[in-house]
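Each chain is listed here by its residues.
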Amino acid sequence: MQLQLLNRISSLKQLVDHPQYDIVVIGGGATGLGIAVDAATRGLKVALMEQHDFAKGTSSRSTKLVHGGVRYLAMGDIKLVYDALRERGIVFANAPHVTHTQPFVIPCYSIFSKLKYLIGLKLYDWLAGLRSIGKSTAVTKEEIQQNFPNLKPEGLKGGVRYFDGQFDDARLAINLAQTAATHGATLINYCRVIGLMKSNDEKVSGVCFEDLETGISYEVRAKAVINATGVFVDDVLMMDTGDHRPIVKPSQGTHIVLDHLFLGSNEALMIPKTSDGRVLFGVPWHGHLLIGTTDIPVEHPSLEPNPTDAEVDFILNTAAAYLTKAPKKEDILSVFTGLRPLAAPDDDSDSTKEISRDHKLMTSPSGLITITGGKWTTYRKMAEETVNKALEIAGLPPLACRTKTTKIHGHTKQLHPGHWATYGSDAPRIKLLADGNSAWQEKLHNDFEHIVAEVVWMVRHEMARTVEDVLARRLRILFLNAQASIEMAPKVAETMAVELDKDANWITNQLTQYHEVATTYLIKRPAMQMKDNDTK
Ligand SMILES: Cc1cc2nc3c(=O)[nH]c(=O)nc-3n(C[C@H](O)[C@H](O)[C@H](O)COP(=O)(O)OP(=O)(O)OC[C@H]3O[C@@H](n4cnc5c(N)ncnc54)[C@H](O)[C@@H]3O)c2cc1C
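Rules used in this analysis
Residues numbered from 1 in each chain as written. Predicted model: local features only at pLDDT ≥ 70, side-chain atom pairs only at ≥ 80, totals over all residues. Heavy atoms only, no water. Helix = DSSP H or I, 4+ residues; strand = E, 2+ residues; numbered from the N terminus. Rg over C-alpha atoms; globule rule 2.2 N^0.38 Å. Buried < 20%, exposed > 50% of the residue type's maximum accessible area, 1.4 Å probe, protein only. Contact = heavy atoms within 4.5 Å. Areas by Shrake-Rupley, 256 points an atom, 1.4 Å probe, with all protein chains shown as cover. Lys, Arg positive; Asp, Glu negative; His and termini not counted. Charge placed at Lys NZ, Arg CZ, Asp CG, Glu CD. Near = heavy atom within 4 Å. Polar contact = N/O pair within 3.5 Å; in protein donor to acceptor, adjacent residues only side chain to side chain. Nonpolar A, V, L, I, M, F, W, Y, C, P; charged D, E, K, R; others polar. Phe/Tyr/Trp six-rings, centres within 6.5 Å; stacked < 30°, edge-to-face > 60°. Lys NZ or Arg CZ within 6 Å of the ring centre and 35° of its normal.

A. Structural context of the overall build of the protein. When you go through the protein residue by residue, the secondary structure sums to 17 helices and 20 strands. Computed over the C-alpha atoms, the radius of gyration of the protein is 23 Å, within 12% of the 24 Å expected from 2.2 N^0.38 for a compact globule of 536 residues. Across its three principal directions, the C-alpha atoms of the protein cover 70 × 55 × 45 Å. Counting only residues that meet the buried cut, the protein has 60% of its 536 residues in that class. Put simply, 72% of the contacts in the protein that link residues at least 6 apart link residues at least 24 apart. Put simply, the protein shows about 21400 Å² of open surface, and 54% of that area lies on carbon and sulfur atoms. Each charge class in the protein was averaged separately, 59 positive and 62 negative side chains, and the resulting centres sit 6 Å apart.

B. Structural context of the site of the ligand. Lining the immediate surroundings of the ligand are 36 residues, of which Thr31, Glu50, Ser59, Leu65 and Thr377 lie closest. Side-chain polar atom of Thr377 to an oxygen atom of the ligand: 2.6 Å apart, as the coordinates give it. Protein contacts shield 96% of the accessible area of the ligand, which totals 1000 Å² for the unbound molecule. Put simply, the parts of the chain that give the shell around the ligand at least two residues each are helix 2 (30–41), strand 8 (191–198), strand 11 (248–259) and strand 16 (334–343). When its residues are assigned to classes, the shell around the ligand shows 11 nonpolar, 19 polar and 6 charged.

C. Region of interest: the environment of Tyr82. Following the sequence through the fold, Tyr82 ends up in helix 4 (residues 78–94). When the C-alpha atoms of Tyr82 and Val139 are compared, they prove to be 25 Å apart, with 57 residues separating the residues in sequence.

D. Seen up close, the packing of aromatic side chains. Scanning all chains against the criterion turns up 10 aromatic pairs. Residues Phe104 and Tyr162 carry aromatic rings whose centres are separated by 5.1 Å and whose planes lie at 15° to one another, so their mutual orientation is stacked. Within this pair, whereas Phe104 is found in strand 4 (residues 99–107), its partner Tyr162 is found in strand 6 (residues 159–167), the two being separated by 58 residues in sequence. Note on Phe104 and Phe281: the rings are 5.8 Å apart at their centroids and 75° apart in plane angle, and the pair reads as edge-to-face. One end of the pair, Phe104, is in strand 4; the other, Phe281, is in strand 13 (residues 280–285), with 177 residues separating them in the sequence. In this structure Phe281 comes out as buried when scored by relative accessible area, which is 10%. Positioned above the aromatic ring of Tyr21 is the side chain of Lys45, whose terminal nitrogen or guanidinium carbon lies 4.4 Å from the ring centre. If you follow Lys64 out to its NZ or CZ, it ends over the ring of Trp285, 4.9 Å from the centre.

Laid out in structure tokens, this is it:
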């Protein structure tokens with residue numbers, strides 16, 4: 001029997017039996033998980049609570065780029081780009097199984113713009129320094145036509161090719177949780193922090209959290225408490241003071257996913273200026289084509305934000321202007337929306353496009369540390385700064401950060417082919433599970449290579465608790481093809497029920513809940529058809 005790195009029952013037992021930590025982290029997205037890895041690798045005793053599943057929030061809904069941000073370069077945010085390019089190199093070195101180099105092409109419609117982008121991208125390469133992952137070059141119209149057979153050729157004057165990073169955001173998050181656990185951290189999902197504990201001098205001394213699976217509440221003490229709750233940081237700040245000016249202005253971004261053939265290229269397309277002034281990416285991802293994103297201010301954050309018709313129309317219309325076969329609503333396999341935790345500007349301006357993507361680290365008079373904003377790409381650097389601050393607040397010695405060279409769980413350069421690659425060094429272990437059980441060798445769906453053994457693995461080693469945890473954030477099928485994920489759900493639920501010792505009622509409830517979430521990722525909602533599948 002292999003050691004289970006992420007086991008919810010033993011995490012809860014640990015929190016109850018030993019409720020005294022150096023650092024408690026609230027929030028299990030990229031930021032919180034990065035902090036848990038950093039603090040644990042410095043030898044600190046760390047606990048992390050996530051109210052839903054790891055990466056349920058923004059961290060599973062990104063454009064999947066580990067990048068410096070060509071757009072931020074255009075905005076003159078050199079420091080952000082420089083930091084992000086360094087971090088890109090570090091993520092590539094430490095997590096080669098969930099990252100890879102992705103060539104991008106910017107199509108140009110005038111010689112001037114071609115020259116402008118080439119100069120800009122040369123600067124981008126230079127900023128990456130030794131961590132550069134490829135040289136930007138000019139490309140001819142003919143070369144673009146050859147590599148992008150479905151790109152409209154009219155007016156094209158060639159373009160510029162540059163290289164950036166691509167990754168699987170939620171899988172990296174799960175691997176970060178496993179890395180933190182390997183180094184001794186206690187992490188738990190489905191536990192919501194509902195209050196802050198205070199000492200006599202009004203300093204934060206711990207948290208009160210509710211186990212959402214049982215409704216039971218617990219208290220855990222800590223020398224430092226870190227609020228890493230993304231767009232929800234203001235809720236935790238309210239627990240601290242009961243009243244404060246919001247520090248986050250959420251902005252939503254939507255992506256659509258189409259059949260790979262709409263672009264028909266292994267290179268990604270970058271449209272540098274759309275009608276709303278943003279960039280739009282068309283990126284190959286797990287054999288599909290991901291297009292996005294948008295930028296719309298949102299009043300109230302939610303864990304499952306919905307795309308608007310206007311966002312979907314905007315993405316489709318922009319894609320139609322460039323592609324020979326215009327994608328239609330019915331071609332959309334999945335649509336998903338994420339919320340950027342942008343720093344609230346001092347004025348009441350409605351635009352979010354111009355707000356810096358840099359992060360914000362602050363300490364409240366109570367000692368509560370809050371970190372928000374930034375990018376997935378810079379999670380490690382954000383964590384380093386936050387843990388440095390936590391050591392100071394906790395009065396602990398200034399232990400050195402180790403994460404520049406800490407290998408992320410799954411790290412290997414010997415990648416198994418196909419979808420197995422993202423499991424890295426876990427791939428042979430999952431295959432070994434399947435070898436011992438023919439039922440576990442069965443495919444979950446005709447259109448995907450994933451097999452039942454992967455679900456078993458996710459329950460045993462990745463703390464998957466619900467059908468959504470498996471299909472959305474571990475297998476990623478919800479984000480690739482929502483209808484196919486609904487069709488897979490019964491087999492996933494039955495497999496999980498055996499592993500988690502659950503009954504038929506649990507399966508029924510899981511399928512109902514999954515159906516409710518997954519239908520919001522569908523543009524067409526064929527309710528009758530899905531009911532048939534659910535009762536299979
Ligand atoms: C549309 C879009 C595209 C993006 N694309 C990219 C990209 O390509 N590359 C890139 O580098 N960056 C990208 N980003 C930015 C990146 O995704 C975010 O910066 C990052 O995911 C934020 O992580 P986080 O941990 O701060 O927030 P989250 O991932 O939202 O995590 C916060 C967590 O806190 C939990 N939580 C909240 N309250 C509580 C509580 N009381 N108790 C316990 N837990 C709680 C939530 O459930 C949530 O899981 C993109 C962002 C968006 C919106």
